[in-house]
Amino acid sequence: MAQHSTIGNAPNLSSLKDTLVNPLNSLNLGPTTFEGGGDAHFFEESIHPSAVKTYLSSSNNTGSSSTLSISATASLLKGMKWLLAMMSKGRDVSSFFSDVVKLVSCPNMEIKKMTYMYLVEYADYSPQCRELALLSINSFQRGLADAEQLIRALALRVLTCIQIKDIFQIQVLAVRKCIQDSSPYVRKCAANAIAKLHHFCRSGGASGEGTSTQQKELLQLLENLLNNEVSTMVLSSAMTTFVEICPNELALLHRSYRKLCHLLTDMDEWGQIVTMDVLLRYCRVNFINPGDGSAEKIDAARRRLRQQPGAESKTVQAEKPSESMPTTLSMTANTAPVAKARKKRVVRKGFYSDDEDESEYEDDYTFVEDCPQPT
């Protein structure tokens, strides 16, 4: 009877499997959220775009902007999941930009992440999308101070995707702030953002009298990042940015050269390839050539010199004491007999050990006073 009661209280295996396959089912967002046991049905084009617009506009029907009802959250998740699925298939869903950009300040974290993923793709897609993103720039700046590191990184990516020269200084300030962020992932995105802004300047998008000044400012940010950064993930992106925007400015690596050599083995594979290529060019430019030949030729010449017949005899003569100079023992032999004694010397094994090694001895020569002096 006890065995039957234990089996009767066991959890349903089918529901447990659905929870493991799709963790979002455990959020209990309502009966219409994830019908079909997974998110694969979002890749099907059975949902009409008008229905997606209805899902995305469900946030306007709520009374408060700080909270969302369960049904509204479920509808927004369905709409955003369908948009991301169509993006992954290469479909053009830029017509939903005006509906998605309003969700930047959504209180739900999952919806906010998917919103920024969409905006990263379409923030600079067309002039209309660019203007709508420009109207939401204050929301992107607030996203830079979000508690979630992924939101801060996505907000920076969206902000630096907008190629409008009027907000270039705002973008530089955002990069400067994210370089000092506590999260290595945010600093990595800041390193990639330097490359995007530099290409924007070089292509003439930020045309004006201060274009060269702006490029120098970006190079200064990159140099500070290389000098002060210790995370290999960030350094890999910084070296990639260096190769893209200023591959010949090797003087920027003077202070960070030894650090890059030390952390090279901890970088990822692609970062190692880029860094080794840069360090090789740095060595060829800044290090002195050791000689006309290679190291093998230098070693072969030294071996030939040691194998010469007269080289060994000269070495032995140099090490052998001269016969004209009397040794210490011969001088003392004419004055007093010497008794050779073995004296024990105590040697500490190390500063961290209390053990002593008494196996070493040294010779101690002492005079025997009671022996008669030679005449």
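Above this text you will find the structure in question.
Described in the following lines is the structure provided in the data block. All figures in this text were calculated on a predicted structure; none of them were measured in a lab. (Residues numbered from 1 in each chain as written. Predicted model: local features only at pLDDT ≥ 70, side-chain atom pairs only at ≥ 80, totals over all residues. Heavy atoms only, no water.)

1. Focus: the packing of aromatic side chains
The condition that has to hold: Between 30 and 60 degrees the pair is tilted, below 30 it is stacked and above 60 it is edge-to-face, where a pair is any two Phe, Tyr or Trp rings, Trp via its six-membered ring, whose centres lie within 6.5 Å. Counting from the N terminus, the helices are DSSP H or I runs at least four residues long and the strands are E runs at least two residues long. Note on exposure labels: buried denotes an accessible area under 20% of the residue type's maximum, exposed denotes more than 50%, and partly exposed covers the range between, all computed with a 1.4 Å probe on protein chains only.
Evaluated as defined, the whole model comprises 9 aromatic pairs. Arranged with centres 6.2 Å apart and planes meeting at 55°, the rings of tyrosine 116 and phenylalanine 140 form a pair that is tilted. Taken together, the residues tyrosine 116 in helix H6 (residues 109-122) and phenylalanine 140 in helix H8 (residues 137-143) connect sequence positions 24 residues apart. One exposure class covers both tyrosine 116 and phenylalanine 140, and it is buried. Seen from their ring centres, tyrosine 282 and phenylalanine 287 are 6.4 Å apart, and the 75° between their planes marks the pair as edge-to-face. Overall, tyrosine 282 belongs to the buried group, its relative accessible area being 7%.

2. Some words on the packing of helix H10 (residues 168-179) against helix H11 (residues 184-202)
Convention followed: Fitting a line to C-alpha atoms yields each axis, with helices limited to the stretch in contact; the angle taken between N-to-C directions then spans 0 to 180 degrees. Working rule for angles: under 35 degrees goes down as roughly parallel, over 145 as roughly antiparallel, 65 to 115 as roughly perpendicular, anything else as oblique. Rotating anticlockwise by less than a right angle from the far helix to the near helix defines a left-handed crossing, while the corresponding clockwise rotation defines a right-handed one. Any pair of residues with heavy atoms lying within 4.5 Å of one another is described as a contacting pair. Gly falls in the polar group here, along with every residue not listed as nonpolar (Ala, Val, Leu, Ile, Met, Phe, Trp, Tyr, Cys, Pro) or charged (Asp, Glu, Lys, Arg).
Here H10 crosses H11 at 155°, and the two axes come no closer than 8 Å. As the angle between them shows, H10 and H11 are arranged roughly antiparallel. In terms of crossing hand, the pair formed by H10 and H11 is left-handed. Residue-level inspection shows Phe168, Gln171, Val172, Val175, Cys178 and Ile179 of H10 in contact with H11, the latter providing Val186, Arg187, Ala190, Ala193, Ile194, Leu197, Phe200 and Cys201. Looking at the contact of H10 with H11 residue by residue, the class counts come to 12 nonpolar, 1 polar and 1 charged.

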